[in-house]
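# Architecture at a glance
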Amino acid sequence: MTLLPFAWMLLGSFKTQGEILHSPNGWLPHSPTLGNYRMWFGQLQIGAYFVNSVIVAVLTVLGNLAFCSMVGYALAKMDFPGKRLLFLMVMATLMVPGVVTFVPLFVLVTKLGLVNTYPALILPFLTSPLGVFLMRQFMQEIPDSLLEAAYIDGAGTVRVFRSIVLPLCKPPLATLAILTFLGSWNNFLWPLVAAQSQDKYTLPVALSLYSTGQNATDYGLLLAGAVLVITPIVALFVCLQRFFTQSIASTGIK
Amino acid sequence: MVTATRLATGPVRARRHKQTLTAWMFALPFVLIFGVFMLLPLLSSLAMSFTDFRSSDVQTPLAVGFVGLDQYRALFGDPLFLRSMVNTGYFVLVGIPLTMVVALTLAVALNSGITRFRTAFRVGFYTPVVTSIVAVAVVWRFILQPDGLLNDLLKAMGVDGPDWLNSTSWSMPALILVAVWRNMGTLMVIFLAGLQAVPVEAQEAAMTDGANAWQRFFRITLPILRPTLLLGAVLLSVAYLQLFEESFVMTKGGPLNSTLSVTYFTYNQFGFGKYGYASAASYILFVGIVLVSLVQFRALRSRV
C-alpha cells in the first residue's frame with residue numbers, strides 16, 4: 001500500500017503526455033517510451049543537478065563527521081572552562097526551526113558574496129547540534145581507563161582521538177553520515193533561496209521549479225524527474241536499510 | 001583524560017592550561033561554523049524582528065529603524081498571518097494524532113508476529129521517509145487529481161471524491177494524508193523499539209488474570225509506552241509545525257490560502273523583501289514550537 005505511489009510514479013514515467021491525459025488511466029503504459037528520461041538527460045541536463053547534489057551532500061557529510069566528532073570528544077572527555085555553556089548552546093539550538101535563521105543567513109551570505117556558490121549551500125549545514133549530541137552521548141560511554149592507558153603510553157590527544165576513539169565510534173558515525181546525507185539530499189528551503197541560477201540547482205530545487213513552472217502539466221516528464229531524484233537515495237536505502245532504520249530509531253531513543 | 005591529568009606529575013596548572021587549549025582546538029571548527037551560521041543568524045533574526053529591515057537595507061544594516069514590537073503587533077493584525085496560524089494548527093492537530101494512531105497500529109501488528117516479512121515491511125514503510133518530499137509531491141499531485149488514482153479507488157467504493165487540491169475544504173486533508181503516509185514509517189520504527197521493551201511477564205500475568213487483548217493493550221502496553229509516545233509526539237510536532245514543502249510543491253499555499261502555513265507565510269514575506277516582518281513571523285513559530293513541546297512533556301509526564 002505505501003509503495004503504490006512509487007509504482008505509479010515509475011509506470012507513469014514511461015507514458016507519453018497523451019496517454020497520461022487519456023481517461024480512464026490504466027496502470028501499465030500502452031507503448032512504453034523513454035522519451036521523458038531522454039528529455040531529462042538531454043535538454044534538461046539532470047546530470048549537472050545530480051553532480052551538485054552529490055558535491056553538497058558528500059562535503060556536508062564529511063564536515064559533520066569531522067567537526068561533530070571533534071567537539072563531541074572535547075565535550076565528552078575533556079574538562080575545560082566554557083564546556084557547560086557550549087553544551088547548553090548546542091542543546092538549546094536542537095529545536096530551532098530552519099526558517100528562523102534563513103533570513104539573516106541569506107543576508108550574511110549576500111554580504112560575504114557567496115550567493116549562488118557551493119559554500120553557500122554547504123557551510124550552514126557543515127555542523128549540526130544533533131550530530132554533536134549523538135557523538136558526545138556515545139563517547140561518554142567509552143571507558144576512561146582505555147584512554148588513560150594510551151596517554152600513559154605517551155600518545156597525544158590527537159593520536160588517542162584518531163586511533164582509539166574514532167574506531168570505537170563507528171555506530172554513531174554511521175548514523176550521523178546517514179542522517180546528514182538524507183537531510184542534505186532532500187534539503188529544499190535553503191537551496192531554493194541560496195541557489196539562484198541553474199548551474200547551482202540541486203535535484204529537489206530543479207524538480208520543484210520544473211514542476212511549478214511551464215512544464216507543470218507535463219506529468220510524464222515530472223514523474224520521470226521524480227524517479228530520477230529518488231533513485232539514488234532509494235538504492236542506498238535498500239542496500240543499507242538495516243543501518244537506516246537503526247539510525248532513525250536511535251535519534252528517537254537517545 | 002581528567003584523571004590522567006591529575007595523576008601526572010609536574011605543574012598541574014600548566015597541564016590544565018594545555019588541556020583547555022587542546023579542548024578548544026577540538027571544538028574550534030564547530031564553534032566557528034556554529035557561531036557564524038547558527039548563533040549569529042539566530043540572534044540577528046531576533047534583532048531584525050524589532051526593526052523595519054527590508055531587502056534594500058542589506059548594504060547598510062545598521063541604518064534600519066528600530067520599531068520595537070510593531071512587527072509583532074502588525075502580524076497579529078494581519079489576516080493572512082492569522083490564517084497561516086490556523087492552517088498550521090489544523091495540520092498539526094489533525095495530522096499528529098492520525099500519524100500516531102496509524103504508526104502505533106502498524107507497530108503493534110508488526111510486533112505480534114509477521115517477523116518473516118520484516119524486511120519487506122521496512123522497505124515499504126521507510127521508502128516514503130527517505131525520499132525527497134518534492135519528488136513525492138509530484139506523484140501525489142497526480143494521484144489527487146479529480147480523475148486520479150485516489151478518486152478511482154473511492155469510486156470503486158461508491159464515493160464521489162472531491163477535487164482534492166483545488167478545493168478550499170479538501171486541500172488541507174489532502175496534505176495531511178500525504179504527511180501521514182510519509183511520516184508513519186519513522187514513528188513506527190520508534191514505537192516498535194518501545195514495544196520490544198514491554199516485559200513479556202507483565203503481559204502473561206495479565207493474561208492469567210483473565211485480561212483480554214484490549215485491556216492488556218490499554219492497561220499495560222500503553223502506560224509503558226508513554227515515554228516513547230511522548231518522544232514521537234514531540235518529534236512530529238516540531239516537524240509538522242514547520243509545514244512548508246508539501247504545500248509549496250502541491251498547492252502553492254492555495255487554493256485561496258487554504259494551505260498557507262506559517263513557514264510559507266515567512267517565505268513569502270522574505271520574497272517581498274520584508275525581512276523584519278519575516279523574522280518576527282519566524283520567531284512566533286519558534287516560540288510556538290517550544291511551547292507545544294513543553295506542553296506535551298507536561299501532559300504526558302504528569303499522567304503517570
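In this text, all values refer to a predicted model and were calculated from it rather than measured experimentally.

Moving on, we get to the overall build of chain A. Within chain A, the secondary structure is distributed over 15 helices and zero strands. In terms of overall dimensions, chain A has a C-alpha envelope of 75 × 45 × 30 Å along the principal axes. The proportion of buried residues among the 254 residues of chain A is 53%. Taking contacts inside chain A between residues at least 6 apart in sequence as the whole, the part at least 24 apart equals 70%. As displayed, chain A has an accessible area near 10,800 Å², and 67% of this comes from carbon and sulfur atoms. The centroid of the 13 positive side-chain charges in chain A is displaced by 2 Å from the centroid of its 8 negative side-chain charges.

A few words on the interface of chain A and chain B. In this complex, chain A contributes 83 residues to the contact, which on the side of chain B involves 83 residues. Across the chain A-chain B interface, the total number found is four residue pairs in polar contact (both at pLDDT 80 or more). With 13 residues, helix α6 (residues 98–111) of chain A is the largest single contributor of residues to the side of chain A that touches chain B. Grouping the amino acids of the side of chain A that touches chain B by side-chain chemistry returns 59 nonpolar, 18 polar and six charged.

A few words now on the environment of Pro-5 of chain A. Assignment of secondary structure puts Pro-5 of chain A in helix α1 (residues 4–12). We classify Pro-5 of chain A as buried; its relative accessible area is 6%.

The next point concerns the domain arrangement of chain A. Entries for chain A in the domain assignment read domain 1 (1–33) and domain 2 (46–218). Relative to domain 2 of chain A, the C-alpha centre of domain 1 of chain A lies at a distance of 38 Å.

Okay, the layout of surface pockets next. Residue and element names in this part refer to chain B. Empty space within the second largest pocket amounts to approximately 580 Å³. The wall of the second largest pocket is formed by 20 residues, among which Val-108, Leu-195, Gln-203, Phe-217 and Thr-221 lie closest to the centre. Breaking the lining of the second largest pocket down by element, the ones donating at least two residues are α4 (79–111), α9 (200–208) and α10 (213–240). Its residues placed into classes, the lining of the second largest pocket shows 13 nonpolar, six polar and one charged.

What follows deals with the packing of helix α4 (residues 46–77) of chain A against helix α8 (residues 129–140) of chain A. Residue and element names in this part refer to chain A. Put simply, α4 and α8 touch, their axes get as near as 8 Å, and they point 45° apart. Comparing the axis directions of α4 and α8 gives the class oblique. Both α4 and α8 take part in a crossing whose hand is right-handed. Taking contact as the criterion, the partners of Cys-68, Ser-69, Val-71, Gly-72, Tyr-73, Leu-75, Ala-76 and Lys-77 in α4 are, on α8, Gly-131, Val-132, Met-135, Arg-136, Met-139 and Gln-140. Class assignment for the residues of the contact of α4 with α8 results in eight nonpolar, four polar and two charged.

The rules behind each value
Residues numbered from 1 in each chain as written. Chains lettered and ligands numbered in written order. Predicted model: local features only at pLDDT ≥ 70, side-chain atom pairs only at ≥ 80, totals over all residues. Heavy atoms only, no water. Helix = DSSP H or I, 4+ residues; strand = E, 2+ residues; numbered from the N terminus. Buried < 20%, exposed > 50% of the residue type's maximum accessible area, 1.4 Å probe, protein only. Contact = heavy atoms within 4.5 Å. Areas by Shrake-Rupley, 256 points an atom, 1.4 Å probe, with all protein chains shown as cover. Lys, Arg positive; Asp, Glu negative; His and termini not counted. Charge placed at Lys NZ, Arg CZ, Asp CG, Glu CD. Polar contact = N/O pair within 3.5 Å; in protein donor to acceptor, adjacent residues only side chain to side chain. Nonpolar A, V, L, I, M, F, W, Y, C, P; charged D, E, K, R; others polar. Domains from an automatic or database assignment. 1 Å grid on protein atoms, 1.4 Å probe; cavity = no way out; pocket = protein on both sides within 12 Å on 5 of 7 lines; lining within 4 Å. Points joined across faces, edges and corners; volume = space filled by probe spheres on them. Axes fitted to C-alpha atoms, helices over the stretch in contact; angles between N-to-C directions. Parallel < 35°, antiparallel > 145°, perpendicular 65-115°, else oblique. Left-handed = near helix turned anticlockwise from the far one by under 90°.

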